[in-house]
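Fold and geometry: a report
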Amino acid sequence: MNQKSQSYKNWENTKMSKRILFLDVDGVLTDNKFIIDVNGNRLVSFNFYDITGIYRLDRKLYEVVLISGEYTNQVNFFCKKANIKLYFPEIKNKLLKAKEKANEYEIDLINCIFIGNDINDLEVLKNVGLSFCPIDAHYLCKEICSKVIPVKGGEGVARYAIDTIQSQNLLN
């Protein structure tokens, strides 16, 4: 596979009955920051643009999978709001988990999307058909992604990517 993920044109030529959208959490769905309250609880915030964008995806055509290197209890609430059934926290090898889930659905990674933002996402970004990252992602992610989303993590990155793909009819 080339350093840069496959272009939109190549993706468009590979129509599938089902695809997988893999998402990182911290730095994509959140702003990559957390707050510790007086009781030691970790607090993060999510954007309703992302919840709405993910919720609107046709689940007959698309499976949404969250793969995160960390565990954050608030992600469970996010998953419920966005109708996401597959959340895998504390994953150190995201590429291995993405391959495992793709194999379960009998989908090649080239027919999957990943949205990530940091160096622990690089291998997945390199191996999927379409890859996205927010504008404040690590520079190595920006160098290899199919598209850099012009918003920061936590500000609607997933929604922007989904809207971009839908506007180009690439989800079919």
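Topic: the packing of helix H2 (residues 48-55) against helix H7 (residues 157-167)
Contact pair H2 / H7: the axes reach a minimum separation of 7 Å and the direction vectors enclose 40 degrees. The interaxial crossing formed by H2 with H7 has left-handed handedness. Of the residues in H7, those touching H2 at Tyr-49, Asp-50, Thr-52, Gly-53 and Ile-54 are Val-157, Ala-158, Arg-159 and Ile-162. Tallied by class, residues from the contact of H2 with H7 come to 5 nonpolar, 2 polar and 2 charged.

A closer look at the sheet that holds strand S5 (residues 86-88)
With respect to topology, 6 strands assemble into an open sheet ordered S5-S4-S1-S6-S7-S8, the strand pairing being parallel. A single partner strand is all that each edge strand has here, and the edge strands are S5 and strand S8 (147-149). Here the average twist between neighbouring strands, direction ignored, is 20 degrees. Two elements, strand S1 (residues 19-23) and strand S6 (residues 112-115), share 4 bridges in a ladder whose sense is parallel. Residue pairing in the sheet places Phe-22 in a bridge with Phe-114 of S6. Contacts from helix H4 (residues 94-104) reach S1, strand S4 (62-67), S5 and S6 within the one sheet, and its direction differs from that of S1 by about 155 degrees. This element, H7, spans S1, S6, strand S7 (130-134) and S8 of the sheet and lies at about 135 degrees to S8.

A short note on the packing of aromatic side chains
Evaluated as defined, the whole model comprises 1 aromatic pair. In this arrangement the basic side chain of Arg-42 is found over the ring face of Phe-34, its NZ or CZ atom lying 4.7 Å from the centre. The ring of Phe-88 has Lys-97 lying over it, and the distance from NZ or CZ to the ring centre is 4.4 Å.

Parameters and conventions
Residues numbered from 1 in each chain as written. Predicted model: local features only at pLDDT ≥ 70, side-chain atom pairs only at ≥ 80, totals over all residues. Heavy atoms only, no water. Axes fitted to C-alpha atoms, helices over the stretch in contact; angles between N-to-C directions. Helix = DSSP H or I, 4+ residues; strand = E, 2+ residues; numbered from the N terminus. Left-handed = near helix turned anticlockwise from the far one by under 90°. Contact = heavy atoms within 4.5 Å. Nonpolar A, V, L, I, M, F, W, Y, C, P; charged D, E, K, R; others polar. Pairing = 2+ DSSP bridges. Phe/Tyr/Trp six-rings, centres within 6.5 Å; stacked < 30°, edge-to-face > 60°. Lys NZ or Arg CZ within 6 Å of the ring centre and 35° of its normal.

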